[in-house]
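Coordinate analysis (summary)
Spelled out from the first residue to the last, the chains are:
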Amino acid sequence: MAAIFSTLLFLLTLSESYVGIFSIGVGVNYGRIANNLPSPSQVPNLLKSLNINRVKVYDSDPKVLQAFAGTGIKLIVGLGNEFLQKMSDPQQAQTWIQQNIQPYLSQTKITCINVGNEVLGADDGQSASYDSYLLPAMKTMYAALVNLGLNKQVCITTAHSLKILASSSPPSQGVFREDMVEYIKPILDFHSQVDSPFFINAYPYFAYKSDPDNVRLEYTLFEPNEGTVDPNTNLKYDNMLYAQIDAVYSAIKALGHTDVEVKISETGWPSKGDENEAGATVENAGMYNRNLMQRMQQGQGTPARPSQPIDIYIFALFNENMKNGSTSERNFGLYYPSGTLVYDLGVQSYALPRMDYSSSRKNVSNTYVLVLQCVSKFLIAYMII
């Protein structure tokens, strides 16, 4: 009889593995620059089907914050660049938190406010005008959290692009741009004082796209390759993302800090692009994200920090059809708006079922029906014997 129950447990465990295999702590960016996405109320169930428990959003839309209430999913809420100047006023900052964060905290697990996105080093002209407002806004919003008794529950950070680096190769020689140091140094001091992470948006895809003749595709996709060796440390790198992370750590150290953690707030690979966008294919996107997730499941660190697991938010949950720019910008999603996976996201020996949201409950039920049928046949056979 013990063998019977062991078999039953095995079959049920197998069915759970089939339904959801993303229990690896991966986060995802939930962008909504589109006119064809499912309602926010549908998204938590879609995430749960993959066991995704951390999400970063780009605003504080009440419908989104309410949708995540009671789900246990940890949420990073974004504050747009256009609000930075206004948030430099302590009263405005506290009012914003009281209206957009505090009312939801009892039900929604808001863990962080991302103040601005890729403000420093921007080349669009508009974001550059916000440089001087970034740190004051971060400081006043943190002070507001302290006044409201929320600073132990919610952290303050901002996300940077790799354009703030003057050099990233070799990783040990990573340094920030000279014109960025006056802004970044005090931001690092702030992170150190309040114990919040340094967010970086890192995309090996763009390095390959800009120079496909000299950047090895396998090196960007975590595929087998000969790798590169940092001549100063003799550390070997078999993928570009880890080299970029260590370059950021080197740049931070050059400004006198070893006490600030780097987290990847965005990384991903597009499944479609224009004719001049090398590498933007479904196959490459699937390889990048599957290989990255496998590395995360193994708890890997970078060569310079092997014992420190990497914290990453993949970009993005959905393809977003209203984003500006090239075709690739609208095709970074893991999912089509219908809720159907763009490509297989299997981890190790498991394969994630392709399902849209409307049929997810039916597919889950069918899985369990099949399992129970198998168990029933097994029990009947056992009793007959």
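Notes on the structure in this doc start here. (Residues numbered from 1 in each chain as written. Predicted model: local features only at pLDDT ≥ 70, side-chain atom pairs only at ≥ 80, totals over all residues. Heavy atoms only, no water.)

One closed barrel accounts for eight strands, arranged β1-β2-β3-β4-β5-β8-β11-β12; its pairing is parallel. On average, each strand axis in the sheet is inclined to that of its neighbour by 25°, with strand direction left out of account. Set on the sheet, helix α6 (residues 131-147) makes contact with β3 (74-79), β4 (109-117) and β5 (155-161); between it and β5 the angle comes to about 160°. (Pairing = 2+ DSSP bridges. Helix = DSSP H or I, 4+ residues; strand = E, 2+ residues; numbered from the N terminus. Axes fitted to C-alpha atoms, helices over the stretch in contact; angles between N-to-C directions. Contact = heavy atoms within 4.5 Å.)

With that out of the way, let us pick up the pattern of salt bridges. Where side chains of opposite charge bring their charged atoms close, a pairing between them can arise. Applying the stated criterion to the full structure yields 11 salt bridges. Note that Asp311 is salt-bridged to Arg54, the shortest N-O span being 2.6 Å. Placement of the pair is Asp311 in the loop between α11 (282-297) and β12 (312-315) and Arg54 in strand β2 (residues 54-56), with a sequence separation of 257 residues. Exposure remark for Asp311: the relative accessible area of 15% places this residue in the buried category. In this structure, the salt-bridge partner of Lys209 is Glu277, at a minimum N-O distance of 3.0 Å. One end of the pair, Lys209, is in helix α8 (residues 204-210); the other, Glu277, is in the loop between β11 (262-267) and α11, with 68 residues separating them in the sequence. Take Lys209: its relative accessible area is 27%, and that puts it in the partly exposed class. For Glu277, a relative accessible area of 4% puts it in the buried group. What emerges from the salt-bridge pattern is a single network uniting Arg32, Asp59 and Asp61. (Salt bridge = Lys/Arg side-chain N within 4 Å of Asp/Glu carboxyl O. Buried < 20%, exposed > 50% of the residue type's maximum accessible area, 1.4 Å probe, protein only.)

This part is about the packing of helix α5 (residues 90-100) against α6. Relative placement of two packed helices is described by the angle separating their axes and the distance separating the axes. Their axes nearest at 8 Å, the elements α5 and α6 cross at an angle of 60°. If you check the angle between α5 and α6, you find them oblique. Helix-helix and strand crossings are classified by hand; for α5 and α6 the assignment is right-handed. Contact residues: Pro90, Ala93, Gln94, Trp96 and Ile97 in α5; Thr140, Met141, Ala144, Leu145 and Asn147 in α6. Taken together, the residues of the contact of α5 with α6 sort by class into seven nonpolar, three polar and no charged. (Parallel < 35°, antiparallel > 145°, perpendicular 65-115°, else oblique. Left-handed = near helix turned anticlockwise from the far one by under 90°. Nonpolar A, V, L, I, M, F, W, Y, C, P; charged D, E, K, R; others polar.)

In total, this model carries two cavities of 30 Å³ or more according to the counting rule given. By volume, the largest cavity amounts to about 70 Å³. Ile245, Tyr249, Glu261, Val262, Gly301, Thr302, Arg305, Gln308, Pro309, Ile310 and Asp311 are the residues that line the largest cavity. Broken down by class, the residue content of the lining of the largest cavity amounts to five nonpolar, three polar and three charged. (1 Å grid on protein atoms, 1.4 Å probe; cavity = no way out; pocket = protein on both sides within 12 Å on 5 of 7 lines; lining within 4 Å. Points joined across faces, edges and corners; volume = space filled by probe spheres on them.)

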